[in-house]
Amino acid sequence: MSTKVTFSSRLGLIAATVGSAVGLGNIWRFPAEVHSNGGAAFLIVYIICMLVLGIPVMLAEFSLGRGGRSDAEGVFRKLAPGTKWWVGGAIAIIASYLILSFYMVVAGWTFEYLWQSITGNLYELVQDTTADVDKGFKDKMAEYMCNPYNPLINIYVLIIINILVLMGGVKKGIERMSNILMPVLFVLLLIFAIFSLSLPKAAEGLRFFFTPDFSKINLNVIVNALGQTFFSLSLGMGILVTYSSYYPSKTKLIPTSLTVSVLDLLVAILMGIIIFPAAASFGLTDAGLAGTTLVFVTLPEIFAAMPLTRLWSILFFLLLLVAALTSTISIAEVSVAWLQDKYKKSRKAAVMIVMTPLFAISSICSLSFSTLSNIKIAGLNIFDFLDTLATNCMLPTASIITCLFIGWKLRSDFLRNEITNHGLTGTRIYPAISFIIKYCAPPLIFIILIGSFIDF
Ligand code: PHE
């Protein structure tokens, strides 16, 4: 019997796993992807990708974590001693740490905007009726991000919050935080969805989001949907392997993977229901829906045009911060668990060893927009380089290795025993999942890897 710590309830383990999956990927990446890939057609392809790739790969990671009961690298060493398969886990851990270092910077921006919404500074420029509001918000965003010092304070505060939660441990830190924050996130989303649906041109926006034009589907749309599935479900980062090593033996993995994926999809769809009616009603252009502009320029503009500006703004940036925080915690846990398992560090020591260097590394990522902006690696600034290296290259590689390991290296009853709880449930869909992990997932993930570098 393993003595490893486990989550204390089913609700808690779902809240923690959904907390990891639901992040900035759902809130600002998903609407932008839907918009630039033809609306409802993308949504349909995305749902298919979740079913055929996302859920099976999630189950592979869950099986590895729960069956191996170790960290993201340790599971490989434990299940195939004396082989080199552990490299797959090592790549995932390094990638997750790199992602953590720049995700903290983005989380810091959301924190700043929450703070400025509370103080009202964000909306000072709107009081001057002669000013160009769009330009005003754009300048404000650029000025903030390119200022060397201001963003650092927010990053440091967030690192400290992460340290405090992580020090609390799996049950009292991660699980308790998720149990509180995830309901808050869903309530905030519902409030925004109801508001958006009451806007004058809501129907037009919903039509774009829900009426598919199948002629829009091409190879690029499919590759983008695969990539979004991967990012949104936190696959390939070692997170799901680490979290599932805290799942009790009786946890049923198939229902868990379905619940997590459906809730993750629900958040993405709610964001569509929020953004597209607003886009139609406020006449947003393509540029207004892209990446950072959507969140830091377009939405503040919309809030400024509404009654109760500051209240809406506070609620929205709180939503973003909650989503970002539960994700940073999950990704930091990958390295914390690794140090605890491999080097037998105490929880406190492991948390400090993981988080302290971030004060420097995340600062460097942040400064790559200002003081260090002239340092380029492969033509990219430090922030974008780390993003491309970790998200586009390392995550898919780690995931391909994981699928090959489970599909071809381990005996087939390993996956069967984990997924079916030793023959108790889900025995009928097991063959399909096993087939996908063996034959379909590796080439599909390879296409994501290639697809992020070339336009098909
Ligand atoms: N699934 C997360 C999202 O949608 C991705 C992520 C998780 C990124 C954890 C960083 C850390 O945003």
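Notes on the structure in this doc start here. This one's a predicted model, so the numbers in the text were calculated from it and none came from an experiment.

1. Quick word on the overall build of the chain
Move 1: Each helix and strand in the chain was counted, giving 18 helices and 0 strands.
Move 2: For 456 residues, the compact-globule estimate of 2.2 N^0.38 gives 23 Å, and the chain sits close to it at 22 Å.
Move 3: Over its C-alpha atoms, taken along the principal directions, the chain stretches across nearly 70 × 50 × 45 Å.
Move 4: Counting over 456 residues, the chain shows a buried share of 58%.
Move 5: For the chain, the proportion of contacts with a sequence separation of at least 24, taken over those separated by at least 6, is 82%.

2. Concerning the site of the ligand
Move 1: Around the ligand, the surrounding shell holds 16 residues, and the nearest of these are Ala21, Gly25, Phe231, Ser232 and Ser234.
Move 2: Note that an oxygen atom of the ligand is positioned 3.2 Å from one of the backbone N or O atoms of leucine 24.
Move 3: With respect to the ligand, the backbone of glycine 25 contributes an N or O atom lying 2.8 Å from an oxygen atom.
Move 4: Within the complex, 100% of the 320 Å² of free accessible area of the ligand lies under protein.
Move 5: Structurally, the ligand is housed in the largest cavity.
Move 6: Secondary structure elements with two or more residues in the shell around the ligand: helix 1 (10-21), helix 2 (24-36), helix 5 (86-119), helix 10 (219-232) and helix 14 (309-343).
Move 7: Of the residues belonging to the shell around the ligand, the class tally is 8 nonpolar, 8 polar and no charged.

3. A few points about the nonpolar core
Move 1: With 159 residues, the main nonpolar core has Phe7, Leu185, Phe296, Phe316, Phe317 and Met355 as its most contacted residues.
Move 2: With 18 residues, helix 14 is the single largest residue contributor to this core.
Move 3: Leaving out residues up to four positions away in the same chain, phenylalanine 296 has contacts with Trp28, Trp109, Thr110, Tyr113, Phe137, Met141, Met145 and Phe317.

4. Side note on a nonpolar patch on the surface
Move 1: On the surface, Leu219, Ile222, Phe446, Ile447, Ile450, Phe453, Ile454 and Phe456 cluster together into a nonpolar patch covering about 700 Å² of accessible area.
Move 2: Where the nonpolar patch is concerned, the elements lending two or more residues are helix 10 and helix 18 (430-451).
Move 3: In terms of residue count, helix 18 provides more of the nonpolar patch than any other element does, 3 residues in total.
Move 4: Inspection of the secondary structure assignment puts phenylalanine 446 in helix 18.

5. Structural notes on the packing of aromatic side chains
Here a ring pair, both rings aromatic, is described through the centre-centre distance and the interplanar angle of the planes.
Move 1: In this structure the tally under the stated criterion is 33 aromatic pairs.
Move 2: Taking the centre distance of 5.4 Å and the plane angle of 80° together, the rings of phenylalanine 316 and phenylalanine 317 count as edge-to-face.
Move 3: Exposure remark for phenylalanine 316: the relative accessible area of 4% places this residue in the buried category.
Move 4: The class for phenylalanine 317 is buried, based on a relative accessible area of 0%.
Move 5: Ring geometry for phenylalanine 369 against phenylalanine 383: centres 5.1 Å apart, planes inclined by 55°, an arrangement best described as tilted. Taken as a pair, phenylalanine 369 in the loop between helix 15 (347-367) and helix 16 (382-409) and phenylalanine 383 in helix 16 lie far apart in primary sequence, 14 residues in all.
Move 6: Using a relative accessible area of 21% as the deciding quantity, one classes phenylalanine 369 as partly exposed.

6. What to know about the packing of helix 3 (residues 40-68) against helix 16
Move 1: Where helix 3 meets helix 16, the axes come as close as 10 Å, and the angle between the chain directions of the two elements is 70°. Taken together, the axes of helix 3 and helix 16 lie roughly perpendicular to each other. Relative to helix 16, helix 3 is oriented so that their crossing is left-handed. Residues Val57, Ala60, Glu61 and Leu64 of helix 3 lie in contact with helix 16, whose contacting residues are Ser399, Thr402, Cys403, Phe405 and Ile406.
Move 2: Counted by class, the contact of helix 3 with helix 16 contains 6 nonpolar, 2 polar and 1 charged residues.

7. A word on helix 10
Move 1: With 14 residues, helix 10 ought to run about 20 Å at 1.5 Å a step, and its terminal C-alpha atoms sit 20 Å apart, in line with that.
Move 2: The element helix 10 is largely enclosed, with a buried count of 11 among its 14 residues.
Move 3: Of all the positions in helix 10, only Asn220, Val221, Val223, Ala225, Leu226, Gly227, Gln228, Thr229, Phe230, Phe231 and Ser232 are classed as buried.
Move 4: The elements touched by buried residues of helix 10 are helix 1, helix 2, helix 3, helix 12 (253-281), helix 16 and helix 18.

8. A word on empty space enclosed by the protein
Move 1: A full pass over the atoms with the stated rule returns 3 cavities of 30 Å³ or more.
Move 2: Surrounding the largest cavity, 16 residues form its lining, Ser20, Tyr103, Ser234, Met237 and Ser327 being those nearest its centre.
Move 3: Where the lining of the largest cavity is concerned, the elements lending two or more residues are helix 1, helix 2, helix 5, helix 10 and helix 14.
Move 4: Residues that form the lining of the largest cavity fall into these classes: 8 nonpolar, 8 polar and no charged.
Move 5: Taken as a whole, the second largest cavity holds about 100 Å³ of empty space.

Cut-offs applied
- Residues numbered from 1 in each chain as written.
- Predicted model: local features only at pLDDT ≥ 70, side-chain atom pairs only at ≥ 80, totals over all residues.
- Heavy atoms only, no water.
- Helix = DSSP H or I, 4+ residues; strand = E, 2+ residues; numbered from the N terminus.
- Rg over C-alpha atoms; globule rule 2.2 N^0.38 Å.
- Buried < 20%, exposed > 50% of the residue type's maximum accessible area, 1.4 Å probe, protein only.
- Contact = heavy atoms within 4.5 Å.
- Near = heavy atom within 4 Å.
- Polar contact = N/O pair within 3.5 Å; in protein donor to acceptor, adjacent residues only side chain to side chain.
- Areas by Shrake-Rupley, 256 points an atom, 1.4 Å probe, with all protein chains shown as cover.
- 1 Å grid on protein atoms, 1.4 Å probe; cavity = no way out; pocket = protein on both sides within 12 Å on 5 of 7 lines; lining within 4 Å.
- Sits in = over half its atoms within 2 Å of the grid points.
- Nonpolar A, V, L, I, M, F, W, Y, C, P; charged D, E, K, R; others polar.
- Core = buried A, V, L, I, M, F, W, Y, C linked by side-chain atoms within 4.5 Å.
- Patch = residues over 30% accessible without salt bridge, like charges linked within 9 Å, V, L, I, M, F, W, Y side chains within 5 Å.
- Salt bridge = Lys/Arg side-chain N within 4 Å of Asp/Glu carboxyl O.
- Phe/Tyr/Trp six-rings, centres within 6.5 Å; stacked < 30°, edge-to-face > 60°.
- Axes fitted to C-alpha atoms, helices over the stretch in contact; angles between N-to-C directions.
- Parallel < 35°, antiparallel > 145°, perpendicular 65-115°, else oblique.
- Left-handed = near helix turned anticlockwise from the far one by under 90°.
- Expected span 1.5 Å × (residues − 1).
- Points joined across faces, edges and corners; volume = space filled by probe spheres on them.

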